[in-house]
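# Coordinates in review
Residues per chain are reported as follows:
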Amino acid sequence: LRLFYGGLPSVTTSITNDIALVQVPGQIAAAPLDLKLGDSSARIKIEPLDRPALRSLQAHVDLPAYLQYPSAEEAINSSSISLVDGSAVTFHGTAIRPLKVAEMNENAKPISLKTLGADFQTAPITVNGVRDLAFTWSDQFGLTNAAPWPLTVQNIPDAAPSADFSDLFRDIAI
């Protein structure tokens, strides 16, 4: 069996038990794969796909009830987030295409996440110390993210209350 793919040098492979194993280097552009065996030939269209990247990751934060603050949404643009002790946080991610599976790992323990289309969501997590999380996902084609998406949730103690006189000049407010 002789193979021709996208201008690469031809490859010859053997057939064992009606199976021909072929390894094609990673590609970024669509190209036909031409197969020739004796007088027979076939053409297969190959369309490379990017790995399913994360478009966005949001944190829905419920601060402790005694603070009497409403829930807040926070975009996560780095590998860590700092939250007040006792808060509850739910993470919501969106990938570039529909997902089949999403997981969150904490201490090498995988936790399955709820997925809907390109979105995934965690159950609420109570912030009571430093937590190292890693997110992984697989799309409808079986492709996974290149590496787990790391996220450290850091706890910060609640600060003592302070007065805020934002409408007054500093020297008058003191």
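This brings us to the pairing of strand β4 (residues 40-46). Bridge count for strand β3 (residues 31-37) against β4 is seven bridges, and the pairing is antiparallel. Across the sheet, L37 pairs through a bridge with S40, a residue of β4. Linking β3 back to β4 in an antiparallel pair, the connection comprises two residues, with G38 at a positive phi of about 65°.

Attention now goes to the sheet that holds β3. Taken together, four strands build an open sheet; the order of strands is β2-β1-β3-β4 and the sheet is antiparallel. Only two strands of the sheet have a single partner each, and these edge strands are β2 (11-12) and β4. In terms of strand pairing, strand β1 (residues 2-5) meets β3 through four bridges, oriented antiparallel. Within β3, the position partnered with F4 by the bridge is D34.

Counting 22 residues, the largest nonpolar core has L57, I81, V89, F91, F120 and F135 as its most contacted members. Within the residue set of this core, elements represented by two or more residues are β5 (54-62), β7 (80-84), β8 (88-95), β9 (99-106), β14 (131-139) and β15 (149-156). A total of four residues in this core trace back to one element, the largest contributor, which is β5. In this structure, Y5, A31, L33 and L35 belong to the second largest nonpolar core, which totals five residues.

Attention shifts here to the sheet that holds β14. Pairing within the open sheet is mixed, and its five strands lie in the order β7-β15-β14-β9-β10. Only two strands of the sheet have a single partner each, and these edge strands are β7 and β10 (109-112). If you compare each strand with its neighbour and ignore which way they point, the axes differ by 30° on average. Judged from the five bridges that link them, β14 and β15 form a sheet pairing that is antiparallel. Bridged to A134 within β15 is P150.

Before going further, it helps to examine the confidence of the model for the protein chain. For the protein chain, mean pLDDT is 88; residues scoring 70 or higher make up 95% of the total. In the model of the protein chain, helix α1 (residues 170-173) stands out as the element of lowest mean pLDDT, 58, in contrast to strand β12 (residues 119-121), which has the highest, 97.

A word on the pattern of salt bridges. Where charged atoms from two side chains of opposite charge approach closely, those side chains can pair. In total, this model carries four salt bridges according to the counting rule given. Note that R43 and D34 form a salt bridge whose closest N and O atoms lie 2.7 Å from each other. The class of R43 is exposed, set by a relative accessible area of 59%. Between D139 and R97 there is a salt bridge, with the nearest N and O atoms lying 2.6 Å from each other. One end of the pair, D139, is in strand β14; the other, R97, is in the loop between β8 and β9, and 42 residues separate them in sequence.

Cut-offs applied
Residues numbered from 1 in each chain as written. Predicted model: local features only at pLDDT ≥ 70, side-chain atom pairs only at ≥ 80, totals over all residues. Heavy atoms only, no water. Pairing = 2+ DSSP bridges. Helix = DSSP H or I, 4+ residues; strand = E, 2+ residues; numbered from the N terminus. Core = buried A, V, L, I, M, F, W, Y, C linked by side-chain atoms within 4.5 Å. Buried < 20%, exposed > 50% of the residue type's maximum accessible area, 1.4 Å probe, protein only. Axes fitted to C-alpha atoms, helices over the stretch in contact; angles between N-to-C directions. pLDDT = per-residue confidence, 0-100. Salt bridge = Lys/Arg side-chain N within 4 Å of Asp/Glu carboxyl O.

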